[in-house]
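Now for the letters of each chain:
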Amino acid sequence: MTDDVRDEAEANEAQIAVYWREEQIFQPPQSFVAQANMRDPGIRERFDEAHFPDCFREYADMLTWSRPYEQVLDTSHAPFWKWFVGGKLNACENCVDRHLANYRNKAALIFVSEVEDEPPVALTYQELYVRVNEMAALLRDYCGLKAGDRVTLHLPMTLDLPITMLACARLGVIHSQVFGGFSGKSCGQRIQDSGSRYLITCDAYWRSGQLIDHKEKADIAVAQARELGQAVDKVLIWQRYPGKYSSPTALVAGRDVIVNEVLKRYRGERVAPVAMDAEAPLFLMYSSGTTGKPKGCQHRTGGYLAYVAGTSKYVQDIHPEDTYWCMADIGWITGHSYIVYGPLALAATSVVYEGTPTYPDVRRPWRVAERLGVNIFHTSPTAVRALRRAGPDIPATCAQHFKHMTTVGEPIEPNAWRWYFDQIGKGEAVICDTWWQTENGGFLCSTLPALDAMKPGSAGPALPGIYPVIYDDDGKALPRGSNIAGNLCIRNPWPGIIQTIWGDDQRFVDTYFKRYCKNPKSTDWRDWPYMSGDGAMEAADGYFRILGRIDDVINVSGHRLGTKEIESAAMTVPGVAEAAVVAVADEVKGKVPEVYVSLAAGSKADPAAIVDAVNAACEDIIGKIARPARVHVVPDMPKTRSGKIMRRVLAAISNHRDVGDVTTLANASVVDDIRRQVQG
Ligand code: PRX
């Protein structure tokens, strides 16, 4: 690693987990073990390296194939892996049609409105089948969409989202769902990058007691896409309340159409699921990277679906009888894999909750869980910390009973873990701390819930068929179990791995493989370790502690934000000459971004106005989640002699850490000025 890169890495991660002491272990409750899907310790051997890649047939066998695959893994065009080569299947058929015989009348999805007076809506597999078919007919016959076309979705957490995703999948149309909380501009950028001619959105949705106008974002998105060179032919708008348009923003004649109206023409239509090549892309999921432009992570149909089905069964322990609630948003990979595709592939009942978990009060999640009989619960450490802060003694007095609880997205501190276990789980539920990324499709590290002890603060061992390695900065593999921090990589491909970055194969190779590739000409997977971008350490028992990102990515409440994206947004404010973003440890959200800006020489701008403008720019260009925790207007940035901004120094100041040796800086004196200004 060059010094510059090392500086950045240190600057961006507080490596909190390093300071957690080794924890006591917890055994899974017997009541859980007795009913678990995976109780066979032989699974580790079945999935060991000697059985790779054939071991993954076990996951592929959980699916229904229209044509059997001939080869499990083709590495001939490394690192563009091909999984289940020659096989054909349809993801929608696997999540819907094939369950009709046994589960026609069982709830597939249960929608819970944020408005508590509105009763939950259960959609049976039969009704899901009907609605997905009608929507597929609309997409095919009204929009003229066909396999391989991309369509951008910008939908909140209502049933219209999974219905639209599955309708796309039925046709082989590649969906690209943009998190509903992202701004219109963010959405427009993704429309352009994916080359979508259609935007599917909605009029409004409930969030923290407000009926939010969502349609206004569509107008901004379309304008942004057009500016970038992509025309949007039609905007399809789902109504939050069918038959009533709930947005104050006017429809654009000739462009905007109400989905609920047009759907009436397709009542009773059936669309045969298109048998797709196992390697056909199923969806794009944009994620932040180290440069300003988000990357479209492209996921394949066969391998992805097999991997999420397998991990939903063995890690989430989903049985068809379970009621499963993942509180994430479908707009993130967690929701794609573990609200929609994984649970539905297993004929589960999956809950879709519209709003803020703690609205109107912090008991709301437990009322939902009790009413629907939720027995598998999945959330983020941020949510756990927020619930604890809002009322540490409350969950234990409520009526939820879980057999299984998951955390995802960030490290969970041992004491937050124990509170989750004792108060929310009441000691009855097993916990899986699942580590993975948008690019991974599904979990990579977690305990197998009936087989492994839980160790708070550790994500657990690698899952079956995943062979991690931790490299030091010189590219040497650290000895296994050495408890030394390094760069976490996965030595082998797995079925859920990202196919490529949409439209940018080179960026795919450079981002994930370049650094540790042993031989760029090799077609042997052993030469192509996947670089996760996370720091981690492996304990003697094979459990991994995830230390956080080693690149310019900040994890805010488990959501990934690129520092460069935020800096670019800040730089759009007139008068701002330079911007630097650092990650600051936060009690609830894990990390939050703080923005430093310096003004153009001679600028007379009022600093308070600059702060407001930077906040507004971040919200407008990226979305509310990117709103900085603080904005500091500083006289100058600390810089190296070559002119590079020393983000490490700024991060140290924001986190009240020692700034280290700054004597070699070009302008060392500014450091004290900044410290006084920030720390007071
Ligand atoms: O830093 C890791 C962190 O979240 C990043 C991936 O973010 P994203 O692609 O948005 O996907 C989030 C949900 C899959 C990782 O690089 N991360 C994810 N899970 C954990 C985690 N950090 C610690 N422990 C976890 N269980």
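Here the residue index of a chain counts from 1 through its sequence in written order. Only residues with pLDDT of at least 70 get local features here, since the model is predicted, and only at 80 or more are side-chain atom pairs given and counted; chain-wide, interface and lining totals rely on the full set of residues. Computation of side-chain values: all heavy atoms of the structure, hydrogens and water removed.

1. A few points about the overall build of the protein chain
For clarity, the threshold we go by: Where helices and strands are cited, they refer to DSSP runs of H or I of at least four residues and of E of at least two residues respectively, numbered from the N terminus. In this scheme, a residue with accessible area under 20% of its type's maximum is buried, one over 50% is exposed, and one in between is partly exposed, where area comes from a 1.4 Å probe on protein chains only. Here a residue-residue contact requires only that any non-hydrogen atoms of the pair lie within 4.5 Å. For the accessible areas, the method is Shrake-Rupley and the probe is 1.4 Å, while residue cover comes only from the protein chains on display.
Helix and strand counts for the protein chain come out as 21 helices and 30 strands. If you line up the protein chain on its principal axes, its C-alpha atoms span 75 × 60 × 60 Å. By residue count, 63% of the 680 residues in the protein chain fall in the buried class. In the protein chain, the share of contacts with a sequence separation of at least 24, taken over all contacts with a separation of at least 6, comes to 72%. Counting only carbon and sulfur atoms, one obtains 50% of the accessible surface of the protein chain, whose full area is about 24,000 Å².

2. Quick look at the side chain of Thr500
As a reminder of what qualifies: The term polar contact refers here to a pair of N or O atoms within 3.5 Å; inside protein, the definition further demands a hydrogen-donor-capable atom paired with an acceptor-capable atom, and it admits residues adjacent in sequence only when both atoms are side-chain atoms.
Examined against the element boundaries, Thr500 turns out to sit in strand 23 (residues 500–501). With a relative accessible area of 7%, Thr500 lands in the buried category. A polar contact is formed between the side chain of Thr500 and the side chain of Asp505, at a distance of 2.7 Å. Here Thr500 is in contact with Phe80, Gly296, Cys297, Gln298, Asp505 and Phe508, once residues within four sequence places are set aside.

3. Topic: the packing of aromatic side chains
We count it as follows: For Phe, Tyr and Trp, rings pair up if their centres lie within 6.5 Å, where Trp contributes its six-membered ring, and each pair is then called stacked (planes under 30 degrees apart), edge-to-face (over 60) or tilted (otherwise). Two conditions define a charge located above a ring, namely a distance within 6 Å from the ring centre to NZ of Lys or CZ of Arg, and an angle within 35 degrees of the ring normal.
Following the criterion strictly, the structure yields 41 aromatic pairs and no others. Measuring from centroid to centroid gives 5.7 Å for Trp436 and Phe443, while their planes differ by 85 degrees, and the two rings are edge-to-face. Across from the ring centre of Phe182, 4.7 Å away, lies the NZ or CZ of Arg190, which sits over that ring.

4. Description of the site of the ligand
This is how the line gets drawn: Here a residue is near a molecule or strand as soon as one of its heavy atoms is found within 4 Å of it.
Close to the ligand lie 17 residues, the nearest being Asp433, Thr434, Thr438, Asp534 and Arg560. Thr438 has a polar side-chain atom sitting 2.5 Å from an oxygen atom of the ligand. One of the side-chain nitrogen or oxygen atoms of Arg560 is found 2.7 Å away from an oxygen atom of the ligand.

5. Quick notes on the nonpolar core
Counted only if it meets this: Nonpolar cores are built from buried Ala, Val, Leu, Ile, Met, Phe, Trp, Tyr and Cys residues. Side-chain atoms within 4.5 Å join them into one set.
Counting residues in each nonpolar core, the largest one holds 128 residues, and the members touching the most others are Phe56, Phe84, Leu128, Met135, Leu138, Leu139 and Tyr341. For this core, the leading source of residues is helix 7 (residues 125–142), giving ten residues. Dropping the residues within four chain positions of it, Phe84 is found in contact with Phe56, Ala60, Trp65, Tyr69, Gln71, Val72, Ala278, Gly302, Gly303, Ala306 and Pro495. Listed in part, the 37 residues of the second largest apolar core include Leu387, Tyr420, Ile431 and Met454.

6. Concerning the state of the cysteines
Covalent bonding between the sulfur atoms of two cysteines is what defines a disulfide. Here is the rule: Disulfide assignment relies on a single distance test, namely cysteine sulfur atoms paired within 2.5 Å.
Scanning the entire structure with this criterion turns up zero disulfides. Free of any disulfide, Cys143 has its nearest neighbouring cysteine sulfur in Cys168, separated by 9.3 Å. Cys143 sits in the buried class, given a relative accessible area of 6%.

7. Some points on the pairing of strand 30 (residues 630–634)
Rules: A right-handed crossover is one whose linking path, passing over the helix from the first strand to the second, runs clockwise when the strands point away from the viewer.
For strand 30, the tally of buried residues reaches four of five residues, placing the bulk of the element in the interior. Each parallel crossover has a hand, and the one from strand 29 (residues 590–599) via helix 19 (residues 607–621) to strand 30 is right-handed.

8. Brief notes about the sheet that holds strand 22 (residues 486–490)
Cut-off, in case you're wondering: If DSSP finds at least two bridges between two strands, the strands pair. Where helices are involved, their axes are fitted lines through C-alpha atoms of the stretch in contact, as for all axes, and angles between N-to-C directions lie from 0 to 180°.
A sheet is described by the order of its strands in space; here four strands give the open sequence 21-22-24-25, paired in antiparallel fashion. The open sheet terminates on both sides in strands that have one partner only, identified here as strand 21 (468–471) and strand 25 (544–549). Strand-to-strand twist of the sheet, defined as the mean angle between neighbouring strand axes without regard to direction, takes the value 45 degrees. Across five bridges, the pairing between strand 24 (residues 530–538) and strand 25 is antiparallel. Across the sheet, the residue bridging to Gly535 is Gly548, located in strand 25.

9. Structural notes on the sheet that holds strand 4 (residues 107–112)
Across the sheet, which stays open at both edges, the seven strands sit in the order 5-4-17-16-18-19-20 with mixed pairing between neighbours. Edge positions in the sheet fall to strand 5 (121–124) and strand 20 (430–434), since each has one partner strand and no second. Averaged over all adjacent pairs, the angle separating strand axes in this sheet is 20 degrees, with direction ignored. Two strands pair when backbone bridges link them, and strand 19 (residues 404–408) and strand 20 are joined in this way by five bridges, in the parallel orientation. Its bridge partner lying in strand 20, Met405 is registered against Ile431. Lying on the sheet, helix 16 (residues 414–424) is in contact with strand 18 (376–379), strand 19 and strand 20; it crosses strand 19 at an angle near 155 degrees.

10. Comments concerning the pattern of salt bridges
A side chain of one charge can pair with a side chain of the opposite charge if their charged atoms are brought near each other. Spelled out, the test is: Salt-bridge detection follows one rule: a side-chain nitrogen of Lys or Arg within 4 Å of a carboxyl oxygen of Asp or Glu.
For the structure shown, the criterion picks out 43 salt bridges. Linking Asp219 and Lys215 is a salt bridge whose minimum nitrogen-to-oxygen distance equals 2.8 Å. Pair noted here: Asp219 and Lys215 are both in helix 10 (residues 215–227), with a separation of four residues, about one helical turn. A salt bridge links Arg560 to Glu439, with the nearest nitrogen and oxygen atoms 2.7 Å apart. Of this pair, Arg560 sits in strand 27 (residues 559–562) while Glu439 sits in the loop between strand 20 and strand 21, placing them 121 residues apart in sequence.

11. Some words on the packing of helix 7 against helix 8 (residues 160–171)
Two quantities define a packed helix pair, namely the angle between the helix axes and the distance between the axes. Inclusion rule: For any helix crossing, the convention is left-handed if the near helix is rotated counterclockwise from the far helix by under a right angle, and right-handed if that rotation is clockwise. Each residue gets one label: Ala, Val, Leu, Ile, Met, Phe, Trp, Tyr, Cys and Pro are nonpolar, Asp, Glu, Lys and Arg are charged, and the others, such as Gly, are polar.
With their axes 8 Å apart at the nearest point, helix 7 and helix 8 run at an angle of 60 degrees to one another. Helix-helix and strand crossings are classified by hand; for helix 7 and helix 8 the assignment is right-handed. Counting all contacts with helix 7, which are made through Leu128, Tyr129, Arg131, Val132, Asn133, Met135, Ala136, Leu139 and Arg140, the residues of helix 8 involved are Asp160, Ile163, Thr164, Leu166, Ala167, Cys168, Arg170 and Leu171. Split into classes, the residues belonging to the contact of helix 7 with helix 8 amount to eleven nonpolar, two polar and four charged.

12. A word on the packing of helix 8 against helix 13 (residues 333–345)
As a reminder, the rule being used: Just so you know how the angles are binned, under 35 degrees is roughly parallel, over 145 roughly antiparallel, 65 to 115 roughly perpendicular, and the rest oblique.
Relative to each other, helix 8 and helix 13 sit at 60 degrees, their axes nearing to 12 Å. Regarding the angle of helix 8 to helix 13, the classification is oblique. Regarding helix 8 and helix 13, the two cross each other, and that crossing is right-handed. Only His336, Val340, Tyr341 and Leu344 of helix 13 make contact with helix 8, whose side of the interface consists of Pro162, Met165, Leu166 and Ala169. Each residue belonging to the contact of helix 8 with helix 13 can be placed in one class, and the counts come to seven nonpolar, one polar and no charged.

13. Notes on unusual backbone geometry
With an omega of 0 degrees, the peptide bond between Phe52 and Pro53 qualifies as cis. Structurally, Pro53 can be placed in the loop between helix 3 (43–46) and helix 4 (57–60). The omega torsion across Ala78 and Pro79 is 0 degrees, close enough to zero to call that bond cis. Structurally, Pro79 can be placed in the loop between strand 1 (71–74) and strand 2 (82–85). Positive phi, close to 55 degrees, is recorded for Phe84, a residue that is not glycine. Residue Phe84 is classed as buried on the basis of its relative accessible area, which comes to 0%.

14. Things to note about helix 16
When helix 16 is considered as a whole, its buried residues turn out to be Pro414, Ala416, Trp417, Trp419, Tyr420, Phe421 and Ile424. Against helix 14 (364–372), strand 18, helix 15 (381–390), strand 19 and strand 20 lie the buried residues of helix 16. Within two residues after helix 16, Lys426 carries a phi angle of roughly 55 degrees, on the positive side.

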